[in-house]
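Summary of structural features
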Amino acid sequence: MARIVMKFGGTSMAGMERIRSVAARVKREVAAGNQVAVVVSAMAGETDRLVGFCREASSLYDPKEYDVVVSAGEQVTSGLLAIALQAAGVPARSWLGWQLPIHTSDAHASARIGTIDTEALDASLARGEVAVIPGFQGVTDDQRITTLGRGGSDTSAVAVAAAMKADRCDIYTDVDGVYTTDPRIVPRARKLKRVTYEEMLELASVGAKVLQTRSVGLAMKEQVRVQVLSSFTGEDAPMADTLPGTMIVGEEEIDDVERQLITGIAHDKNEAKITLTAVPDTPGAVAAIFEPLAGANINVDMIIQNIAHNAGSTDVTFTVPQADLARSIEALNQARGKIGFAELVHDTRVAKISVVGVGMRSHAGVASTMFTTLGARGINIQAISTSEIKVSVLIHEDETELAVRVLHTAYGLDAEDVAA
């Protein structure tokens, strides 16, 4: 008997027909003798609808009440799935975040999970029940409902899997695994059998939309084996434990035969570039730029400081998420007197292209191949950032698809055959 957490996203829960399909999939796991907990998202589009109601009610809504409203979507789907399972002859009950409970911080709309009490959950599983748990939500120490931020159901699922010591956490989504890049851009992209936690964390952070970044970080910390697979397969599809999707695992689980220099290429058009001109070239000047951004909880990615001008000043360029551009500009303008820059220039028509792979640790020339390949196609690099297993560049957004295609080929990632 295995303990399995199954997580289903919004597209998988979009209407009763799909919910019944999810119930049938869960029933198969139960029939195989497994103990199953299911974590569900709200129906596709439902959270956006609830957010819209909050904004319509007040532009300055109370974040605590916001969480009460937007967490309702998952409550609905957890109850409906429990009903569908019961109708299919599977003992099941729903558990809301406060009933387990899932303890979180009090950062409403972006709370972090602390601990999960599993006594009631363990007892439910021991009785042969399927536990249906709404993702995306928890409860504070003072009994207020919280939500975890967009994509938070992935994090909920991994956290539940860690707490109940599950053998595996299956993330069912609208794709059938992790690919070397976006198949819509590169039809010859290959599905990967296994990806390391570190690689998936980097891919998620630089634009791959398969898993939420926080969920991957938590899986790596807690050593939860995560599988990404599609919920849109037929009734006769293989059972999940035959590995039809992509496993996210520790590096020690990947054979040398499976290792490759580059695992995947990701792109992200949700970046904005900011340049501050004529910043004083003095100690502490750069700190004066990024202190107000950190104070506003704005994450800065790429940073370039140009060579100092003769007049003792320099230009500083960096990127922030597009969603934070307005707040970034406001924070920087408020600190203009302290920073001393001459002009603030911003550009949203940029894209970040990243190549990721643990093979970079032991192989030279990865960055050189990237720069040479892009240069040969006339693609100008505006900024560069690196980590131990990642190289990212900033380019004009119109060149995104070309860059992804030529890099995918340059690193030998193209599949030999593509199904018709």
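Residues numbered from 1 in each chain as written. Predicted model: local features only at pLDDT ≥ 70, side-chain atom pairs only at ≥ 80, totals over all residues. Heavy atoms only, no water.

**Points about the packing of aromatic side chains**
Quick note on the threshold: Stacked, tilted and edge-to-face are the three classes applied to pairs of Phe, Tyr and Trp rings, where Trp contributes its six-membered ring and a pair requires centres within 6.5 Å; stacked means planes under 30 degrees apart, edge-to-face means over 60, and tilted covers the rest. What counts as a helix is a DSSP run of H or I of at least four residues, what counts as a strand is a run of E of at least two, and both are numbered from the N terminus.
Summed over all chains, the structure comprises 3 aromatic pairs. Consider the rings of F8 and Y172, whose centres lie 4.6 Å apart with planes at 15°: the pair is stacked. With a gap of 164 residues between them, F8 in strand β1 (residues 3-8) and Y172 in strand β9 (residues 168-173) connect regions that are remote in the sequence. Judged by centre distance (5.1 Å) and plane angle (70°), the ring pair of F290 and F318 falls under edge-to-face. Here the residue F290 occupies a position in helix α9 (residues 285-295), and F318 occupies one in strand β16 (residues 313-321), the gap between them amounting to 28 residues.

**Looking at the pattern of salt bridges**
In plain terms, the rule: A pair is scored as a salt bridge if a Lys or Arg side-chain nitrogen falls within 4 Å of a carboxyl oxygen belonging to Asp or Glu. Burial classes follow relative accessibility: with a 1.4 Å probe on protein chains only, a residue under 20% of its type's maximum area counts as buried, one over 50% as exposed, and anything between as partly exposed.
Applying the stated criterion across every chain yields a total of 22 salt bridges. Taking the shortest distance from any N to any O, the salt bridge between E65 and R144 comes out at 2.9 Å. Taken as a pair, E65 in helix α3 (residues 63-70) and R144 in the loop between β7 (137-139) and β8 (145-147) lie far apart in primary sequence, 79 residues in all. For R144, a relative accessible area of 26% corresponds to the partly exposed category. Here the salt bridges share partners, and the residues they tie into one network are E198, E251, R361 and E388.

**Some details on the pairing of strand β11 (residues 226-230)**
A regular strand places its side chains on the two faces of the sheet in alternate fashion. The following threshold applies: Between any two strands, pairing holds if DSSP finds at least two bridges.
With respect to burial, β11 is a largely interior element, 5 of its 5 residues being buried. On β11, burial covers both faces: V226, V228 and S230 on one face and Q227 and L229 on the other are all buried. Strand direction decides the pairing type here: β9 and β11, joined by 5 bridges, are parallel. What sits directly across from T173, in β11, is S230.

**What about helix α5 (residues 119-126)?**
Going by this rule: The arc in question is the one spanned by the directions pointing from the helix axis to the C-beta atoms. The criterion used for residue contact is that any of the two residues' heavy atoms lie within 4.5 Å.
Among all positions in α5, only L121, S124 and L125 are buried. What you see down the axis of α5 is that its buried residues fit within an arc of 95°, all on one side. Residues of α5 that are exposed and angled more than 90 degrees away from the buried face: E119 and A126. On its buried side, α5 packs onto β1, β2 (35-40), β3 (92-94), β6 (130-134) and α6 (152-163).

**Points about the domain arrangement of the protein**
As a reminder of what qualifies: Each domain's extent is set by a domain assignment, obtained either automatically or from a database. The term buried area means the drop in 1.4 Å probe accessible area that two parts suffer when joined, counted for both and summed.
According to the domain assignment, the protein contains domain 1 (3-252) and domain 2 (260-419). Placing the centre of domain 1 and that of domain 2 at their C-alpha centroids yields a distance of 31 Å. Residue-level contacts link 22 residues of domain 1 with 29 residues of domain 2. Regarding the contact of domain 1 and domain 2, the summed buried area is about 2,100 Å², with carbon and sulfur atoms giving 57% of it.

**Remarks on the UniProt feature "binding site: ATP" (unreviewed entry) in the protein**
This is how the line gets drawn: UniProt positions are given in the numbering used here, feature names are shortened, and annotations may be inferred rather than shown by experiment.
The positions that UniProt labels "binding site: ATP" (unreviewed entry) are, in the present scheme, K7, F8, G9, G10, T173, D174, Y179, R184, K209 and V210. Look at the named residues: they lie 204 residues apart in sequence, and the longest C-alpha span between them is 24.5 Å, so in the fold they stay spread out. Tracing the backbone through its elements, the reader meets G9 in the loop between β1 and α1 (16-31). Those residues in contact with G9, other than ones at most four positions away along the chain, are S41 and Y172. Excluding residues that lie within four positions of it along the chain, V210 makes contacts with D154, V175, G177, V178, M200 and V228.

**Describing unusual backbone geometry**
With glycine set apart, most residues show a phi of negative sign, and most peptide bonds adopt trans. In the segment running from L100 into P101, the intervening peptide bond is cis, with an omega of -5°. Within the secondary structure, P101 sits in the loop between β3 and β4 (102-104). Of note in this structure, F136 is not a glycine but carries a positive phi near 80°. Here F136 is to be found in the loop between β6 and β7. On the basis of relative accessible area, F136 is assigned to the buried category, the value being 6%.

**Quick word on the side chain of K352**
Rules: Under the rule applied, a polar contact is a pair of N or O atoms within 3.5 Å (in protein, one hydrogen donor and one hydrogen acceptor; residues adjacent in sequence only if both atoms are side-chain atoms).
Relative to the elements of secondary structure, K352 occurs in strand β18 (residues 350-356). Judged by its relative accessible area of 4%, K352 falls in the buried class. Within the local environment of K352, its side chain forms a polar contact with the side chain of D301, the two groups lying 2.6 Å apart. Not counting residues within four places of it along the chain, the set of residues in contact with K352 comprises S205, V206, A266, H267, D268, E271, D301, M302, S392, V393 and L394.

**Some points on the packing of helix α12 (residues 366-376) against helix α13 (residues 400-410)**
As a reminder, the rule being used: Axis angles are defined between N-to-C directions and span 0 to 180 degrees, where every axis is a line fitted to C-alpha atoms and, for a helix, only to the segment in contact. If an angle is under 35 degrees, it is roughly parallel; if it is over 145, roughly antiparallel; if it lies from 65 to 115, roughly perpendicular; otherwise it is oblique. Here a crossing is called left-handed whenever its near helix is offset anticlockwise from the far helix by less than a right angle, and right-handed whenever the offset is clockwise. As a working rule, the residues Ala, Val, Leu, Ile, Met, Phe, Trp, Tyr, Cys and Pro are called nonpolar, Asp, Glu, Lys and Arg charged, and the rest polar, with Gly in that last group.
Where α12 contacts α13, the axes come no closer than 10 Å and their chain directions differ by 130°. Taken together, the axes of α12 and α13 lie oblique to each other. Between α12 and α13 lies a crossing whose hand is right-handed. Mapping the contact onto sequence places T369, M370, T373 and L374 in α12 and A403, V406, L407 and A410 in α13. By residue class, the composition of the contact of α12 with α13 is 6 nonpolar, 2 polar and no charged.

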